[in-house]
Amino acid sequence: MTAESPLMATDNDRLLTGWGRTAPSRATVRSPSTYDEVAEAIQEAGPRGVLARGLGRSYGDAAQSGGATVFDMTGLHRFELDIDSGTVTADAGASIDEILRAIVPAGFFVPVTAGTRFVTVGGAIAADIHGKNHHVEGSFGSHVVSMLVVDGTGHELVLSPTDSTTKDMFWATVGGMGLTGVIVEATFRLLAIETSSMSVDTVRCHDLDDVMARMIEGDDDYRYSVAWIDSVAPSGRGVLTRGDHARREQLTRKQVDAPLAYATPALPSAPAFIPNGLLNSASVRAFNEAWFRKHPKSRSNEIHSIPGFFHPLDGVRDWNRVYGPQGFLQYQFVVPDEAGWIVERTLSRLRDAGAPSFLTVLKRFGPANPAPLSFPHAGWTLAADVPAGNEALAPILDELDELVAEAGGRLYFAKDSRQSPSMVARTYPRLAEWHSVRDQMDPRGVFTSDLGRRLSL
Amino acid sequence: MIDAVGEPQSVLVLGGSSEIALATVEALPRTRLRRVVLAGRPSAEIDRAAAHLGALGIPSVETTLFDAADTGSHGAFVDGVFDDGDVDIVLLCFGVLGDQAEAEADPTKAVEVATVNYTGAVSVGLNVAQRLRRQGHGKLVVLSSVAGDRARRSNYVYGSTKAGLDAFAQGLGDALVGSGASVLIVRPGMVRTRMSDGLPEAPMTTDPEVVGSAIVQALRKGKSVIYVPGPLRFLMTAVKAVPRPLFRRLPQ
Ligand SMILES: Cc1cc2nc3c(=O)[nH]c(=O)nc-3n(C[C@H](O)[C@H](O)[C@H](O)COP(=O)(O)OP(=O)(O)OC[C@H]3O[C@@H](n4cnc5c(N)ncnc54)[C@H](O)[C@@H]3O)c2cc1C
Ligand SMILES: NC(=O)c1ccc[n+]([C@@H]2O[C@H](COP(=O)([O-])OP(=O)(O)OC[C@H]3O[C@@H](n4cnc5c(N)ncnc54)[C@H](OP(=O)(O)O)[C@@H]3O)[C@@H](O)[C@H]2O)c1
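Since this is a predicted model, take the numbers as computed values, not measurements.

Conventions adopted
- Residues numbered from 1 in each chain as written.
- Chains lettered and ligands numbered in written order.
- Predicted model: local features only at pLDDT ≥ 70, side-chain atom pairs only at ≥ 80, totals over all residues.
- Heavy atoms only, no water.
- Contact = heavy atoms within 4.5 Å.
- Buried area = accessible area lost by both parts, 1.4 Å probe.
- Salt bridge = Lys/Arg side-chain N within 4 Å of Asp/Glu carboxyl O.
- Domains from an automatic or database assignment.
- Polar contact = N/O pair within 3.5 Å; in protein donor to acceptor, adjacent residues only side chain to side chain.
- Helix = DSSP H or I, 4+ residues; strand = E, 2+ residues; numbered from the N terminus.
- Buried < 20%, exposed > 50% of the residue type's maximum accessible area, 1.4 Å probe, protein only.
- Pairing = 2+ DSSP bridges.
- Axes fitted to C-alpha atoms, helices over the stretch in contact; angles between N-to-C directions.
- Near = heavy atom within 4 Å.
- Areas by Shrake-Rupley, 256 points an atom, 1.4 Å probe, with all protein chains shown as cover.
- Nonpolar A, V, L, I, M, F, W, Y, C, P; charged D, E, K, R; others polar.
- Expected span 1.5 Å × (residues − 1).
- Patch = residues over 30% accessible without salt bridge, like charges linked within 9 Å, V, L, I, M, F, W, Y side chains within 5 Å.
- Lys, Arg positive; Asp, Glu negative; His and termini not counted.
- Charge placed at Lys NZ, Arg CZ, Asp CG, Glu CD.
- Parallel < 35°, antiparallel > 145°, perpendicular 65-115°, else oblique.
- Left-handed = near helix turned anticlockwise from the far one by under 90°.

Concerning the interface of chain B and chain A
Buried accessible area, meaning the area lost when the parts come together, often serves as the stated size of an interface. On the chain A side, the residues contacting the 27 residues of chain B number 33 residues. Overall, the association of chain B and chain A removes approximately 2,300 Å² of surface from exposure, summing both partners, and the carbon and sulfur fraction of that is 51%. Summed over the shared surface of chain B and chain A, the number is four salt bridges. One salt bridge in this structure joins Asp86(B) and Arg453(A), with 3.5 Å as the shortest N-O distance.

This is the structure:
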């Protein structure tokens, strides 16, 4: 074979998927080590375009683009803490994990963290991620002071939410899923903390109504709140955990000696090969039962660690492999308060499909921010992991989409791997506004992703 | 893209009037399907196929000129289809059975069969493979046949073109590993379509709908070779083991 065969793989060819390990596509992966390299590669972009990728923690096809050049941004990961202003200025490829390890001992915390700390700053902005504090503090983009973005012509833009000439581009990039430009650097505000411990209240709730009633009643008293739901139990019972960063006086004498100590336990990884179907209703039922019982009926002011409270899944590396070779997806929607019944309906329809989920999480969102494609808006958000190989799933999810759309809700792009283009057009009413800013930032249509093509973004 | 739950958005059919192809498109999940291109020679059948698929609610069904024997046109033809958007599934379904006795009497007839079934498939198959690799995803489904597993006295010209096509498709599948694209080889036994009309039925003869749904299942599972019906795999293993002097004397 000669090197010229157009069918021959090149050294930089990679098959990329999201965290759900479904629908791979091949891309040419480049690891830029300077901002200029990003700009040059954009100027030289071929017909399949370019896309930035962080740590690939989006579940579906947001961080992949068949045939394109994909930038692995994780090689650009310097960052600097400015203690006086309480901000961090970071390369887009820096991870929340590495940032936490530096800032927690200095008395700071990130303004928003996802359920995993293995996300990059770029990925956090592009998906406008939310955390357990959304109901009080909003999503990640709301805490960004400024960012440096390379647009579709290869020019570096400084974008700020307070500058009238760049704020539209700023907000189009927040939640813009990498399709407006490559974020290379961002400055965001931090939260000052007295200790690296969390003070947590836990309640075991006997059914879904109980969970939801308590959240409506009490969430406002907490900075952080989330409920785990037993998706297999028809009652929809759950465990509600809420809390805040502990103050010094809440620590024991021993803990007070090193109030800001921060360690992340490294645990074993999941086995590399797991057959499809191992995760069935019976195994999930057993897991959920144990998980439910593990929690106290009700306990207040318990001291937890940051990883234990925010990132329990990060303790098992590559846990996404437990779903086997056909992979999995996460169905996450938000619906306004009055459509809270869709939460119950979703859980029961997923049970009908025999689609067991051991990660089912319910949360209340606060108001939306100005970003046209940002996912969160006020109401209920449910996220449920389900195996993709289940053939009953597709029509059931379409049926649930219909309810979500009808209720004025929407799905989260960072989790999506199967919604329809018409669902997006219906549920993101500011799509046209976003398009016009995107077209201005990327006149040649250089930024492409499988998600973008699939959903006609 | 074929999404996480296996729903395709676009399909190209080479041999747009093929009954097996039509049954396959019908068996595909349709909720995300927005574009079907039926490529073939102009005929009442291809128009009927397009109308039928349109009536199923597929938003865009086009017919476009494609002649397997006109290999010089294949490059531009394939580029034209792919330039209008990514193609998730390509069904390579054209083929002619030919008449064995006629081919023996007039070898130019044999050449016609070989040109369509083998040469034409190699030509369009490589053009498609380039574009699939370039887009980084997609499935090429190649309609081979059990006739290629073992040449028979009664139709060895056809059988040899399928043997060649099958070997080509296997190699192409290997070449595409890591490209995001893949090849599914389909080896049906006799199928009740225009092609086999009037011929005596062989064991395990089946219908195009059965082939269509077997193809859809195999795509979902990511298989690389299937027999339809499935048990033919075992029968063909036995058939291939029969010594030639004996095989010659078996009823053909
Ligand atoms: C276990 C787990 C828990 C999670 N919990 C939550 C949660 O609680 N809340 C939440 O909101 N999300 C959650 N997520 C989703 C995750 O936070 C987002 O998908 C996030 O975007 C992942 O960041 P990443 O760096 O891995 O980005 P990737 O997945 O690599 O990319 C995501 C998107 O960002 C774009 N992008 C990445 N870097 C850049 C850049 N430099 N410039 C421009 N665009 C860029 C990509 O093109 C893509 O569209 C969770 C995911 C997992 C696996
Ligand atoms: N039926 C069986 O028993 C059987 C068994 C095993 C494998 N197969 C294979 O399955 C595939 C589909 O066959 P089928 O059963 O669906 O038969 P079919 O309905 O006769 O389809 C054959 C198709 O090939 C097309 N074709 C023939 N010559 C062509 C050319 N030069 N250029 C472009 N298209 C051309 C025909 O188009 P026109 O309408 O223009 O002629 C028709 O669309 C074939 O490859 C066949 O060999 C069939």
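A closer look at the domain arrangement of chain A
All names here are of chain A. For chain A, the domain assignment lists domain 1 (75–193) and domain 2 (197–260 + 277–427). Each partner contributes residues to the interface: domain 1 has 32 residues there, and domain 2 has 31 residues. Note on domain 1 versus domain 2: buried area summed over both sides is about 2,700 Å², and carbon and sulfur give 62% of it. Together, His130, Lys132 and His135 form the three largest contributors to the area buried by domain 1 at its contact with domain 2, with a combined 28%. Where domain 1 touches domain 2, the interface holds two salt bridges. Two residues, Asp314 and Arg117, come together in a salt bridge whose shortest N-O distance is 3.6 Å. Along the contact surface separating domain 1 from domain 2 lie 18 residue pairs in polar contact (both at pLDDT 80 or more).

Observations regarding the pattern of salt bridges
Counted under the stated rule, the structure contains 39 salt bridges over all chains. The shortest N-O distance in the salt bridge between Arg214(A) and Asp210(A) comes to 3.0 Å. Of this pair, Arg214(A) and Asp210(A) both sit in helix α6 (residues 208–218), separated by four residues, roughly a single helical turn. Taking relative accessible area as the criterion, Arg214(A) reaches 32% and is therefore assigned partly exposed. For the salt bridge of Arg48(B) with Glu45(B), the shortest nitrogen-to-oxygen distance reads 3.9 Å. One end of the pair, Arg48(B), and the other, Glu45(B), are both in helix α2 (residues 44–55), three residues apart, so they sit about a helical turn from each other.

As for the sheet that holds strand β14 (residues 238–245) of chain A
All names here are of chain A. As summarised here, the arrangement of the eight strands in space is β15-β12-β14-β13-β17-β18-β16-β19, forming an open sheet in which the pairing is antiparallel. Here the strands that pair on one side only, and so sit at the sheet edges, are β15 (298–305) and β19 (410–411). Relative to β14, strand β13 (residues 224–229) runs antiparallel, the two sharing six bridges. Across the sheet, Ile229 pairs through a bridge with Gly238, a residue of β14. Here α6 sits on the sheet and contacts β12 (197–205), β13, β14, β17 (360–365) and β18 (379–387); the angle it forms with β17, its principal contact strand, is near 30°.

Notes on the site of ligand 2
All names here are of chain B. For ligand 2, the set of nearby residues contains 28 residues, the closest of which are Ser17, Arg41, Tyr158, Val191 and Thr193. Within the backbone of Phe94, a nitrogen or oxygen atom sits 2.9 Å from an oxygen atom of ligand 2. Thr193 has a polar side-chain atom sitting 2.7 Å from an oxygen atom of ligand 2. Contact with the protein chains hides 93% of the accessible area of ligand 2, taken as 890 Å² for the molecule alone. Residue assignment for the shell around ligand 2 shows that the elements contributing at least two residues are α1 (19–27) and α6 (156–175). When grouped by side-chain class, the residues that make up the shell around ligand 2 number 14 nonpolar, nine polar and five charged.

Comments concerning the site of ligand 1
Residues and elements named next belong to chain A. As a structural note, the neighbourhood of ligand 1 is formed by 34 residues, with Ala52, Gly54, Arg57, Ser58 and Thr120 the closest of them. Between ligand 1 and the protein, one listed contact pairs an oxygen atom with a backbone N or O atom of Gly56 at 2.9 Å. Here Ser58 contributes a side-chain N or O atom positioned 2.6 Å from an oxygen atom of ligand 1. In the complex, the protein chains occlude 96% of the 970 Å² of accessible area that ligand 1 would expose alone. Breaking the shell around ligand 1 down by element, the ones donating at least two residues are β3 (50–53), α3 (121–126) and β10 (182–189). Counted by class, the shell around ligand 1 contains 20 nonpolar, 11 polar and three charged residues. Two domains each donate at least three residues to the shell around ligand 1, and these are domain 1 (75–193) and domain 2 (197–260 + 277–427).

Thoughts on helix α10 (residues 341–352) of chain A
Residue and element names in this part refer to chain A. With 12 residues, α10 ought to run about 16 Å at 1.5 Å a step, and its terminal C-alpha atoms sit 17 Å apart, in line with that. Among the residues of α10, those classed as buried are Ile342, Val343, Thr346, Leu347, Ser348 and Leu350. Elements that come into contact with the buried residues of α10 comprise α6, β13, β16 (328–335), β17, β18 and α11 (393–406). Immediately beyond the C-terminal end of α10, within one or two residues, lies Gly354, with a positive phi of roughly 65°.

So, a negative patch on the surface
On the surface, a cluster of negative charge is made up of Asp36(A), Glu40(A), Glu44(A) and Glu156(A). The topology assignment puts Glu156(A) in strand β9 (residues 156–159).

Considering the packing of α1(B) against helix α7 (residues 208–221) of chain B
Residue and element names in this part refer to chain B. Closest axis-to-axis distance for the α1/α7 pair is 8 Å, and the angle between their directions is 50°. As summarised for this structure, α1 and α7 are arranged oblique, according to the angle between their axes. As α1 packs across α7, the resulting crossing turns out to be right-handed. The segment α1 lies against α7, with Glu19, Ile20, Ala23, Thr24 and Ala27 engaging Pro208, Glu209, Val211, Gly212, Ser213, Ile215 and Val216. A per-class count over the contact of α1 with α7 returns seven nonpolar, three polar and two charged.

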